[in-house]
Amino acid sequence: MASGGAVVPRMKLGSQGLEVSAQGFGCMGMSAFYGPPKPAADMINLIILHVRNTCIGTERALKGGVRDKVELATKFGFSSYGMDSQIKDPEYVRAACEASLNRLQLDCIDLYYQHRVDTRVPIEITMGETKKLVEEGKIKYVGLSEASASTIRRAHAVHPITAVQLEWSLWSRDVEEDIIPTCRELGIGIVAYSPLGRGFLSGDSNMVASLSKDDFRKDCPRFQAKNLEHNKKLFELVNEIALKKGCTPSQLALAWVHHQGTDVCPIPGTTKIENFNQNIGALSVKLTKEEMAELESIADSVRGDRYSSMTSTYLNSDTPPLSSWNAE
């Protein structure tokens, strides 16, 4: 049950058997990148609140009978910024999994993502060890994050990929060209992170001014002054449509993602209960083809790249051929 008594529908994520709620919960902003870590007790309470939806979870708040009510996803291979932290040879993959299981105090992870693709290691090597972890019962399902179409195909040939996590929202639509079609061809579920444009579409076009000094969004091109004023105008247009629909801008933006297909699970993140409740309301917002087209025409004119450096995205995620690997 969602807050307020609304039932959140379930969905099949991918074709390997995993079922989740139709809207998950992103937890990154609770502890990293979006300013200083938030109070642990408050964040645990928020996660427990979301458990009512049977969510894709995180490495927190899993005691007291909560574990059997969530589908938990976690990642490996991105301990800090920069490619030097992304080492996905067999030894690393196994050590990362064991460390997560130890922190979680669990025997098995529901969905284990490769956080970013290491361009130095053939994807077949990384997936080969991940496959072994599945066979050993330490992982149920395998996922990729920010992977190119070719990387997805090569990984899927080693072991079926259940889900690909990628940035998809009204202002991040570049994945629609080849990554989304590839996932659908292979029967891979799509998990859309940052469906609210990293908070920009959540209801306040002036949110950048309130960001803390260590919030990484300050360095993102779309939040820079040269692009921000233009993008604010886009937000105002989205807000106008939301007013006509009788919903909030965040609900409208989330509804747009939901309307992309029944194979898409957005995972909006928040650190506030009121925003959590508002996000759940997006599930009841229905959009016509005309409204979808109007929103997409607005989104097509967003300015600025997603990151200041695109080296950690699907644009640079192809790996060497397996024949080049020297497993010394």
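Let me begin by describing the structure that accompanies this report. (Residues numbered from 1 in each chain as written. Predicted model: local features only at pLDDT ≥ 70, side-chain atom pairs only at ≥ 80, totals over all residues. Heavy atoms only, no water.)

### Description of the packing of helix α3 (residues 90-104) against helix α4 (residues 123-135)
Here is step 1 of the chain: Closest axis-to-axis distance for the α3/α4 pair is 8 Å, and the angle between their directions is 40°. With respect to each other, α3 and α4 are oriented oblique. Taken as a pair, α3 and α4 cross one another with a handedness that is right-handed. Residues P90, V93, R94 and C97 of α3 touch α4, and the partners they reach there are I125, T126, E129, T130, K132 and L133.
Here is step 2 of the chain: Its residues assigned to classes, the contact of α3 with α4 shows 5 nonpolar, 2 polar and 3 charged. (Axes fitted to C-alpha atoms, helices over the stretch in contact; angles between N-to-C directions. Helix = DSSP H or I, 4+ residues; strand = E, 2+ residues; numbered from the N terminus. Parallel < 35°, antiparallel > 145°, perpendicular 65-115°, else oblique. Left-handed = near helix turned anticlockwise from the far one by under 90°. Contact = heavy atoms within 4.5 Å. Nonpolar A, V, L, I, M, F, W, Y, C, P; charged D, E, K, R; others polar.)

### Comments concerning the layout of surface pockets
Here is step 1 of the chain: Counted as a void, the second largest pocket has a volume near 230 Å³.
Here is step 2 of the chain: Residue lining of the second largest pocket: 14 residues in total, with A22, H258, G261, T262 and L283 positioned closest to the centre.
Here is step 3 of the chain: With 3 residues, the top contributor of residues to the lining of the second largest pocket is strand β1 (residues 10-12).
Here is step 4 of the chain: Its residues assigned to classes, the lining of the second largest pocket shows 7 nonpolar, 4 polar and 3 charged. (1 Å grid on protein atoms, 1.4 Å probe; cavity = no way out; pocket = protein on both sides within 12 Å on 5 of 7 lines; lining within 4 Å. Points joined across faces, edges and corners; volume = space filled by probe spheres on them.)

### Description of the pattern of salt bridges
Here is step 1 of the chain: Evaluated as defined, the whole model comprises 16 salt bridges.
Here is step 2 of the chain: Here R198 ties to E167 by a salt bridge, and the two come within 3.2 Å at their closest N and O atoms. Here R198, found in the loop between β8 (189-193) and α7 (225-245), pairs with E167, found in strand β7 (residues 163-167); they are 31 residues apart in sequence, far enough to count as distant.
Here is step 3 of the chain: Where salt bridges share partners, they join R94, E98, E129, K132, E136 and K138 into one cluster. (Salt bridge = Lys/Arg side-chain N within 4 Å of Asp/Glu carboxyl O.)

### Overview of empty space enclosed by the protein
Here is step 1 of the chain: The full count for this structure, using the stated rule, is 4 cavities of 30 Å³ or more.
Here is step 2 of the chain: Its volume calculated, the largest cavity comes out at about 80 Å³.
Here is step 3 of the chain: Along its surface, the largest cavity is lined by L170, W171, F200, L201, N231, L234, F235, V238, L295, I298, A299 and V302.
Here is step 4 of the chain: Secondary-structure elements contributing two or more residues to the lining of the largest cavity are α7 and α10 (289-299).
Here is step 5 of the chain: Of the residues forming the lining of the largest cavity, the biggest block, 4 residues, is contributed by α7.
Here is step 6 of the chain: Here the residues of the lining of the largest cavity sort into 11 nonpolar, 1 polar and no charged.

### With respect to the packing of aromatic side chains
Here is step 1 of the chain: As enumerated under the stated definition, the model contains 6 aromatic pairs in all.
Here is step 2 of the chain: Ring centres 6.3 Å apart and planes at 85° place the aromatic pair W168 and W256 in the edge-to-face group. Taken as a pair, W168 in the loop between β7 and α6 (179-186) and W256 in helix α8 (residues 249-258) lie far apart in primary sequence, 88 residues in all.
Here is step 3 of the chain: Of the residues examined, W168 reaches a relative accessible area of 1% and is grouped as buried.
Here is step 4 of the chain: A residue is classified by how much of its surface remains accessible, and W256, at 0% relative accessible area, is buried.
Here is step 5 of the chain: A centroid spacing of 5.0 Å and a plane angle of 5° characterise the contact between W171 and F200, whose relative ring orientation is stacked. Taken together, the positions of W171 in the loop between β7 and α6 and F200 in the loop between β8 and α7 put the pair 29 residues apart, joining distant regions of the chain. The two residues W171 and F200 agree in class, both being buried.
Here is step 6 of the chain: It is K75 that lies over the ring of Y113; its NZ or CZ is 5.9 Å from the centre.
Here is step 7 of the chain: The residue whose ring lies beneath R222 is W171, and the NZ or CZ to ring-centre distance is 5.1 Å. (Phe/Tyr/Trp six-rings, centres within 6.5 Å; stacked < 30°, edge-to-face > 60°. Buried < 20%, exposed > 50% of the residue type's maximum accessible area, 1.4 Å probe, protein only. Lys NZ or Arg CZ within 6 Å of the ring centre and 35° of its normal.)

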